[in-house]
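Secondary and tertiary structure notes
Letter by letter, the chains look like this.
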Amino acid sequence: MIKIQLQKVDIPPGGVHLALNVTLNEKQVRMVVDTGASRSVLDLHFFQELFPDTVLNEEESDSAGVGASGLSSFTSLIPSLYIESFEVKEYELALMDLSHVKASYLHLGEEAIHGVLGGDILERLKAMINYADSSLTLLD
């Protein structure tokens, strides 16, 4: 079990996001914790910078969510993703253009967001989110 301090991001008017850094290909990647997202998603262009030679698999149906619909999406198998000391091995990561999400954060004067940590990983690691102290506890 590990407890991770999350970064609280105020989203006007009156909204809140919780973000954290994960490690992907030895690089810190900032992601929003999103229990409403069924899958974890990384920005396609950012992913291609990290893994320029990786094969992308185009998904058959367009994706909805993350503030837009009808976005083309891809997947790619990555060797591992680290959340603190927790490693998620051989993970099929969803990829799509998240430029609208990144632009929204920059407009708020916040650090760039590279993706969304969704329900697939949160369930796999038996995650518990505590809004009272902005923390994420991973049990597995």
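Below, the discussion takes up the pattern of salt bridges. In the structure shown here, the tally under the stated rule is four salt bridges. Residues Lys3 and Asp133 are paired through a salt bridge, measuring 2.8 Å at the closest nitrogen-oxygen approach. With Lys3 in strand β1 (residues 2-5) and Asp133 in the loop between β12 (127-130) and β13 (135-138), this residue pair connects regions lying 130 residues apart in the sequence. Residue Asp133 is classed as partly exposed on the basis of its relative accessible area, which comes to 29%. Two residues, Lys102 and Asp43, come together in a salt bridge whose shortest N-O distance is 3.3 Å. Taken together, the residues Lys102 in helix α2 (residues 99-107) and Asp43 in strand β5 (residues 41-43) connect sequence positions 59 residues apart. A residue is classified by how much of its surface remains accessible, and Lys102, at 24% relative accessible area, is partly exposed.

Strand pairing within a sheet occurs via backbone hydrogen bonds; the two strands may be parallel or antiparallel. Strand order across the open sheet formed by three strands is β1-β13-β12, with antiparallel pairing between neighbours. On the outer flanks of this sheet lie β1 and β12, each paired with one strand and no other. Averaged over all pairs of adjacent strands, the angle between their axes in this sheet comes to 20°, without regard to strand direction.

Here we take up the environment of Ile129. Here Ile129 shows up in strand β12. Judged by relative accessible area, which is 28%, Ile129 ranks as partly exposed. The sequence separation of Ile129 and Leu42 amounts to 87 residues, and the corresponding C-alpha distance is 21 Å. The residues touching Ile129, leaving out its near neighbours within four places in the chain, are Leu18, Val33, Thr35, Ser135 and Leu136.

Reading the values: rules and limits
- Residues numbered from 1 in each chain as written.
- Predicted model: local features only at pLDDT ≥ 70, side-chain atom pairs only at ≥ 80, totals over all residues.
- Heavy atoms only, no water.
- Salt bridge = Lys/Arg side-chain N within 4 Å of Asp/Glu carboxyl O.
- Helix = DSSP H or I, 4+ residues; strand = E, 2+ residues; numbered from the N terminus.
- Buried < 20%, exposed > 50% of the residue type's maximum accessible area, 1.4 Å probe, protein only.
- Pairing = 2+ DSSP bridges.
- Axes fitted to C-alpha atoms, helices over the stretch in contact; angles between N-to-C directions.
- Contact = heavy atoms within 4.5 Å.

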